[in-house]
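# Structural features, examined
Each chain, letter by letter, is given below.
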Amino acid sequence: MRQAGARQEDAGGRILVTGAGGFVGRTVAERLGPRAIPSSRSDLDICQERQVETAIGRWRPSAVINAAAWADVERCERDPAGARRINALGPERLARVCARHGLPLVHISTDYVFGATGRDLYRLDSPPEPVNIYGATKAEGERRVLEAWPQAVVARTAWVYGSSGRGFGLRAARHLVAGRVLFAIMDRFGHPTWVVDLADRLIELAGRGHSGIHHVVNRGPTSWYRFSLRLARRLGAPDHRIAGISASALPSRVAPRPRRVVLETPATEDSDLHLAPLRHWEAAQDAFVEALRR
Ligand SMILES: NC(=O)c1ccc[n+]([C@@H]2O[C@H](COP(=O)([O-])OP(=O)(O)OC[C@H]3O[C@@H](n4cnc5c(N)ncnc54)[C@H](OP(=O)(O)O)[C@@H]3O)[C@@H](O)[C@H]2O)c1
């Protein structure tokens, strides 16, 4: 996918992107272009504090964006100790090194830190209430990062889609373009978020002055079913190609998922810096379809 140049509202300088072999990290590195220092797990293991220290000393980034994680919910449920190591202890070590160097750190987290009660709206300061191991280890990671480096940013995102990597967007578009029926869950609600909007905001947050928790999602909660129906129409496919299913129809899933997580997305008013909430999911989906066509 061709992408326009990244916005330049961050502090400037080169940014170390950890976990850049993954879906989100790769897009962040692409959006940064020559300003990226992309590192995959084989270059830099965030759990190895000495390795992180050496890398920061060698590369001298102006900020760090941490996209390294175990984001596979089922894998986390099977191996809670492994999940905790990568999602909680590794980010803490990274945060400790950033604190020693006074480096801005943006740590990516997830809406899955919530969901147990399915309340109307989760605020920035709502206490975590995860329903699975992935969410619990990510919640612990948030806490450990902010304790180790209070100037860090924790950026919670959700339901990330795009035209590469795993996830719903590309798979859905391929199904529709190939004339196949797409099964989409009707009874789960959240914030589908275009990876490009997410990446650009993470880069902005890597500038100084944005510390603390942020919700980085496209606005307006919906279901994958409604997302898919709209996507089908945009791609010229008939509605009957979208088959709505219940999440309970997916027996291969062992880990529970939240039924509904709606995140508060206030404008950011840190010091004199202002960041408007990301656009509505429908506008982001239009941009995604536009990018697919290029
Ligand atoms: N995708 C979504 O829908 C979504 C939604 C909400 C939040 N998030 C958050 O977004 C972030 C990125 O997720 P993603 O979807 O891009 O996941 P991903 O595609 O699985 O990427 C994660 C990357 O982290 C790497 N990694 C694992 N352990 C590492 C370590 N110890 N040191 C360095 N790198 C390591 C992985 O490498 P290997 O593959 O080689 O292990 C992988 O390339 C995560 O924090 C996730 O919780 C994602």
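Residues numbered from 1 in each chain as written. Predicted model: local features only at pLDDT ≥ 70, side-chain atom pairs only at ≥ 80, totals over all residues. Heavy atoms only, no water.

## Notes on the overall build of the protein
Filter applied, for reference: Runs of H or I in DSSP of at least four residues are treated as helices and runs of E of at least two as strands, each being numbered from the N terminus. Here the radius of gyration uses the C-alpha set of atoms, whereas the globule reference equals 2.2 Å times the residue count to the power 0.38. Exposure is judged per residue with a 1.4 Å probe applied to protein chains only, and the accessible area is read against the type maximum: over 50% gives exposed, under 20% gives buried, and values in between give partly exposed. Whether two residues are in contact is decided by their heavy atoms: any pair within 4.5 Å suffices. Accessible surface area values rest on a Shrake-Rupley calculation with a 1.4 Å probe, where residue burial reflects the displayed protein chains alone. His is not counted, nor are the chain ends, whereas Lys and Arg count as positive and Asp and Glu as negative. Each charge is placed at NZ for Lys, CZ for Arg, CG for Asp and CD for Glu.
Counting its regular elements, the protein contains 9 helices and 12 strands. Relative to a compact globule of 294 residues, whose C-alpha radius of gyration would be 19 Å, the protein shows 18 Å and is just as compact. Expressed as a percentage of its 294 residues, the buried residues of the protein come to 54%. For the protein, the share of sequence-separated contacts (at least 6 apart) that also reach a separation of at least 24 residues comes to 78%. Working note: accessible area of the protein is about 12900 Å², and carbon and sulfur atoms make up 49% of it. Taking the average place of the 43 positive charges on the side chains of the protein and the average place of its 31 negative ones, the gap between the two points comes to 5 Å.

## Here we look at the environment of Leu 94
Note that Leu 94 resides in helix α4 (residues 80–101). Its relative accessible area of 1% is what places Leu 94 among the buried residues. Remark: the alpha-carbon pair of Leu 94 and Val 289, spanning 195 residues in sequence, is separated by 36 Å. When residues no more than four places from it in sequence are discounted, the contact partners of Leu 94 are Thr 18, Ile 46, Val 52, Val 64, Asn 66 and Leu 105.

## Structural notes on helix α6 (residues 168–177)
Every buried residue belonging to α6 is among Phe 168, Gly 169, Leu 170, Ala 172, Ala 173 and Leu 176, and all of these are buried. Buried-residue contacts for α6 involve β6 (160–161), β7 (182–185), α8 (224–234), β10 (242–245) and α9 (281–293). Gly 179 sits one or two positions beyond α6 and adopts a positive phi of about 80 degrees.

## Things to note about the nonpolar core
Keep this limit in mind: Buried Ala, Val, Leu, Ile, Met, Phe, Trp, Tyr and Cys residues that are joined via side-chain atoms within 4.5 Å together make up what is termed a nonpolar core.
By size, the foremost hydrophobic cluster in this structure holds 57 residues, and its most contacted members are Val 24, Val 28, Ile 65, Val 106, Trp 194 and Leu 202. Ranked by the residues each element gives to this core, the list is headed by helix α7 (residues 195–205), at 7 residues. Contact partners of Val 28, with chain neighbours within four places excluded, come to Val 17, Ile 65, Ala 199, Leu 202 and Ile 203. Ala 83, Val 97, Val 145 and Trp 149 belong to the second largest nonpolar core, which has 28 residues in total.

## Comments concerning the site of the ligand
Going by this rule: By convention in these notes, a residue is near a molecule or strand provided one of its non-hydrogen atoms lies within 4 Å of it. Any pair of N or O atoms that falls within 3.5 Å is considered a polar contact. Within protein, one atom must be able to donate a hydrogen and the other to accept it, and sequence-neighbouring residues count only if both atoms are side-chain atoms.
Surrounding the ligand, one finds 25 residues, the nearest of these being Val 24, Asp 45, Tyr 134, Lys 138 and Val 160. Contact between the ligand and Gly 22: an oxygen atom at 3.1 Å from a main-chain N or O atom of the residue. Note that an oxygen atom of the ligand is positioned 2.6 Å from one of the side-chain N or O atoms of Lys 138. Its free accessible area being 900 Å², the ligand has 84% of it covered by the protein chains.

## Observations regarding the environment of Gly 167
Examined against the element boundaries, Gly 167 turns out to sit in the loop between β6 and α6. Along the sequence, Gly 167 and Val 64 sit 103 residues apart, while their C-alpha atoms lie 24 Å from each other.

## Examining the pattern of salt bridges
Worth spelling out the cut-off: Any Lys or Arg side-chain nitrogen located within 4 Å of an Asp or Glu carboxyl oxygen qualifies as a salt bridge.
With the rule as written, the count across this model stands at 17 salt bridges. With a closest N to O distance of 2.7 Å, Arg 31 and Asp 200 form a salt bridge. On the criterion of sequence distance, the pair formed by Arg 31 in helix α1 (residues 23–32) and Asp 200 in helix α7 is long-range, its members being 169 residues apart. A single burial state applies to Arg 31 and to Asp 200, both of which are buried.

## Quick look at the packing of aromatic side chains
Counted only if it meets this: Ring geometry is summarised as follows: Phe, Tyr and Trp rings, the Trp one being its six-membered ring, pair when their centres sit within 6.5 Å, and such pairs are stacked at plane angles under 30 degrees, edge-to-face over 60 and tilted between the two. We call a charge positioned over a ring when the NZ of a Lys or the CZ of an Arg lies within 6 Å of the ring centre and within 35 degrees of the ring normal.
All chains considered together, the criterion is met by 9 aromatic pairs. Ring centres of Tyr 112 and Tyr 134 lie 5.8 Å apart, and the angle between their planes is 70 degrees; on these two criteria the pair is classed as edge-to-face. Residue Tyr 112 is found in the loop between β4 (105–110) and α5 (133–148), and its partner Tyr 134 is found in helix α5; the two are separated by 22 residues along the sequence. The exposure classification of Tyr 112 matches that of Tyr 134, with both residues buried. Three or more aromatic residues joined by ring pairs make a cluster, and in this case those are Trp 159, Tyr 161, Phe 168, Trp 224, Phe 227, Trp 281 and Phe 288. Its guanidinium or amino end placed over the ring of Trp 70, Arg 75 lies 3.6 Å from that ring's centre, counting from NZ or CZ. In this structure, Arg 230 is placed above the aromatic ring of Trp 281, and the distance from its NZ or CZ to the ring centre is 6.0 Å.

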